[in-house]
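# A closer look at the structure
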Amino acid sequence: MRFPTKSANPKLIVSLLQEATHLHDLLQIHALLVKTSLDCNNFVLASLFRRIFFFSVSPAHLCYARSIFDFIPFPDAFLWNTMIGAYSSSQYPEESLALFLKMQVQSGAFADSFSFSPVLRACGRLRDARNGETVHAQVVKFGFCCDVFVQTALVEMYAKLGNVDISRKVFDEMTERDLVLYNVLLAEYIRVGEMELARDLFDRMPERDLVSWNTMIHGCASLGDRTSKRGIDSWAVECVKNGRSVETLRLFHEMQLANVAPDKVTMVSILSTCGDVGALGMGRVVYEYVERNKIEIDLKLGTSLVDMYAKCGDIDSSLRVFNQMKKRDVFAWSALIIGLANHGFGEVALDYFSSMVSEEIKPNGVTFIGVLTACSHIGLVDKGWTYFMSMSDVFGVTPAIEHYGCMVDILGRAGQLQEAKELIKSMPFPPDAIVWRALLGACRIYKNVEIAEVAIVNLLELEPHVDGNYVLLSNVYSQDKQWDNVTNVRRMMKTINIQKVPGCSSIEIDNAVHEFIAGDKSHEQSVKIYQMLAEMTNRLKISGYKPLIDSVLQDFDYQEKENVLAHHSEKLAIAFGLLSTAQGSPIRIFKNLRVCDDCHLAIKFISKIYDRKIIVRDRNRFHHFVGGSCSCKDYW
């Protein structure tokens, strides 16, 4: 920048400040202020402070501004408020309180609404109820209790202090409420998990902007995510999570009807939700919107698309988006590798991992979960060990409990139950429920009652109220025809009031998700669905299918078992899919539990009989049924 060589007037300095583009420019202008004796002019200093914080409220900028502020002989209210406000949104909110107190004690400047608002926000961030209530008392004393900025800060502060009732009381007592205030309370309701209150407030809002919609949509999506489990249970669609996901998609539909254009924040949240419930159609709507409006697919949006397509069963589109991305980081690579692994394309996943390393992208812990999952789903025990050992030896990634869980899963699926048990004993930290459940699941596959009992003892210590643990043990006993032990397990569940989560299968038709449970007759097209189911059953038998009645782990007679199998939720969803989709188009089903052996066999037959590609995502992986065979090669 070029500066005047002679005297400078305040207007010229302000003009120079507005043209400044770097902190270095501000330092030069500050030197000019000192040289021209304008460093005591509050008007000029206010412009300098505004420009400093225009660039950033980083520690360096704060330190620089504070070094100037502390030498101002008589700062006015604006300068005090600027510093108080800067600290309130920085990593040092306690300094905001200290300056506010100093302003009242040592300064002739009077606190106003622009003083109280940031210091209340600081109290909220610090969870400082005592000082927050003291400042609130001063708000009342000095007559600012009707100021909309101060009241908004009070609403936010009390919510952050955990006093949502007081926050709402302040809100209800206000005579004037603007959109900012509504959005603040909405965000705080969602932050503390009060979704019903948030939805009620959202419905009552006199107007909504993009922030309102984003807050609700992101809130529903993220609260759904909080209910999900990590590790081998990551595909389980819990009831709460599923309800939140449906609500998220409904909100997005309402947003479209209101002609509010989504931004990238909205789209990332929606894509995440689409992946949760398998809403491929809605995910495609988002992608079409991106393409139609020529929105740049940056790293976050691109990774969300890769993840959504993979989770919705369209791995080809996931690959296409990934390959079109101009820039890819470790998160994008990991999303694709995990997607390929869960679809059973383990070799392809490992090839992409090699490409990632060759491009000098350092893998992280999430990447290795994908790599080890790939090995697990195709039975690569030796390669699994090699990759596991390379984590720390080659890539400097310390294996976490999730990675040990993957190795237990690899060994267990391959029938090496004793080796899996020994690995658990050698772990450098106590095994968690995920690890023990992986072992118990392997015991179910290989009908090993002895090791299953070891696993369940440890599981019940960690998770005494999780229904799936009891169900897995019951299944192991049922396979071994130990009906007395099955009865004991069920009696135990009843005694401690544990309800088994029913199997649920869903299918998306015309952007609407339809859910079914076994024997479900609640659907509006139930009559037609059961007619199609009867046709399916008849054609299956003609084609040579014989029900695997051992899949029914209850002590029923043959006919009862056959009836139970015929009405499993995935068969109902497929029947509805055959009724509702065009001949030759793929059918995508999503189930919250592991697909049973009988349904797996039946769907192989159905894919051939009806000449349909059927993609089923269960709690562990994807199955691609084509022409009478499955991509898992019966190893799952």
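This paragraph deals with the side chain of Arg-588. Inspection of the secondary structure assignment puts Arg-588 in strand β3 (residues 587–591). Those residues in contact with Arg-588, other than ones at most four positions away along the chain, are Leu-280, Arg-284, Cys-312, Gly-313, Asp-314, Ser-506, Ile-507 and Ile-615.

Centre-to-centre distance and the angle between the planes together describe a pair of aromatic rings. What the rule picks out here adds up to 20 aromatic pairs. On the basis of an interplanar angle of 50° and a centroid distance of 5.4 Å, the ring pair of Phe-116 and Phe-144 is categorised as tilted. Here the residue Phe-116 occupies a position in helix α7 (residues 113–126), and Phe-144 occupies one in the loop between α8 (129–141) and α9 (148–160), the gap between them amounting to 28 residues. Overall, Phe-116 belongs to the buried group, its relative accessible area being 0%. Both rings, one in Phe-353 and one in Phe-395, keep their centres 6.0 Å apart while their planes meet at 70°; by these two values the pair is edge-to-face.

A word on the environment of Ala-198. As for its position among the elements, Ala-198 is in helix α12 (residues 195–204). Distance from Ala-198 to Ala-187, taken between C-alpha atoms, is 8.0 Å for residues 11 residues apart in sequence. Among residues more than four places away in sequence, those in contact with Ala-198 are Leu-186, Tyr-189, Ile-190 and Met-216.

What follows concerns the pattern of salt bridges. One pass over the full model with this rule turns up 24 salt bridges. Here Glu-156 and Lys-160 are joined by a salt bridge, their closest N and O atoms 3.4 Å apart. Placement of the pair is Glu-156 and Lys-160 together in helix α9, with a separation of 4 residues, close to one helical turn. Across the pair, Lys-160 and Glu-156 agree in class, each one buried. A salt bridge links Asp-409 to Arg-413, with the shortest nitrogen-to-oxygen separation between them at 2.9 Å. In this pair, Asp-409 and Arg-413 are both assigned in helix α23 (residues 401–413), 4 residues apart and thus about one turn of the helix distant.

Moving on, we come to the state of the cysteines. Across all of its chains, the model carries 0 disulfides by this definition. Unpaired in terms of disulfides, Cys-312 finds its nearest cysteine sulfur in Cys-274, a separation of 6.1 Å. A relative accessible area of 0% places Cys-312 in the buried class.

Here we come to the side chain of Asn-592. Looking at the secondary structure, you find Asn-592 in the loop between β3 and α32 (597–609). A distance of 2.6 Å separates a polar atom in the side chain of Asn-592 from the backbone nitrogen of Cys-504.

Where α9 contacts helix α11 (residues 179–191), the two axes come as close as 9 Å, and the packing angle between them is 0°. Taken together, the axes of α9 and α11 are roughly parallel relative to one another. Contact with α9, carried on its side by Thr-152, Val-155, Glu-156, Ala-159 and Lys-160, involves Val-180, Leu-181, Val-184, Leu-185, Glu-188 and Arg-191 of α11 and no other residues of that element. Of the residues contributing to the contact of α9 with α11, the split by class is 6 nonpolar, 1 polar and 4 charged.

To continue, consider the sheet that holds β3. Strand order in the open sheet formed by 6 strands is β2-β1-β3-β4-β5-β6, and the pairing between neighbours is mixed. Because the sheet does not close on itself, it has two edges, and the strands there are β2 (512–517) and β6 (629–630). Where β3 and strand β4 (residues 614–617) come together, 4 bridges link them in parallel fashion. Bridging from a neighbouring strand, Phe-590 pairs with Arg-617 of β4.

Rules behind the numbers
Residues numbered from 1 in each chain as written. Predicted model: local features only at pLDDT ≥ 70, side-chain atom pairs only at ≥ 80, totals over all residues. Heavy atoms only, no water. Helix = DSSP H or I, 4+ residues; strand = E, 2+ residues; numbered from the N terminus. Contact = heavy atoms within 4.5 Å. Phe/Tyr/Trp six-rings, centres within 6.5 Å; stacked < 30°, edge-to-face > 60°. Buried < 20%, exposed > 50% of the residue type's maximum accessible area, 1.4 Å probe, protein only. Salt bridge = Lys/Arg side-chain N within 4 Å of Asp/Glu carboxyl O. Disulfide = S-S within 2.5 Å. Polar contact = N/O pair within 3.5 Å; in protein donor to acceptor, adjacent residues only side chain to side chain. Axes fitted to C-alpha atoms, helices over the stretch in contact; angles between N-to-C directions. Parallel < 35°, antiparallel > 145°, perpendicular 65-115°, else oblique. Nonpolar A, V, L, I, M, F, W, Y, C, P; charged D, E, K, R; others polar. Pairing = 2+ DSSP bridges.

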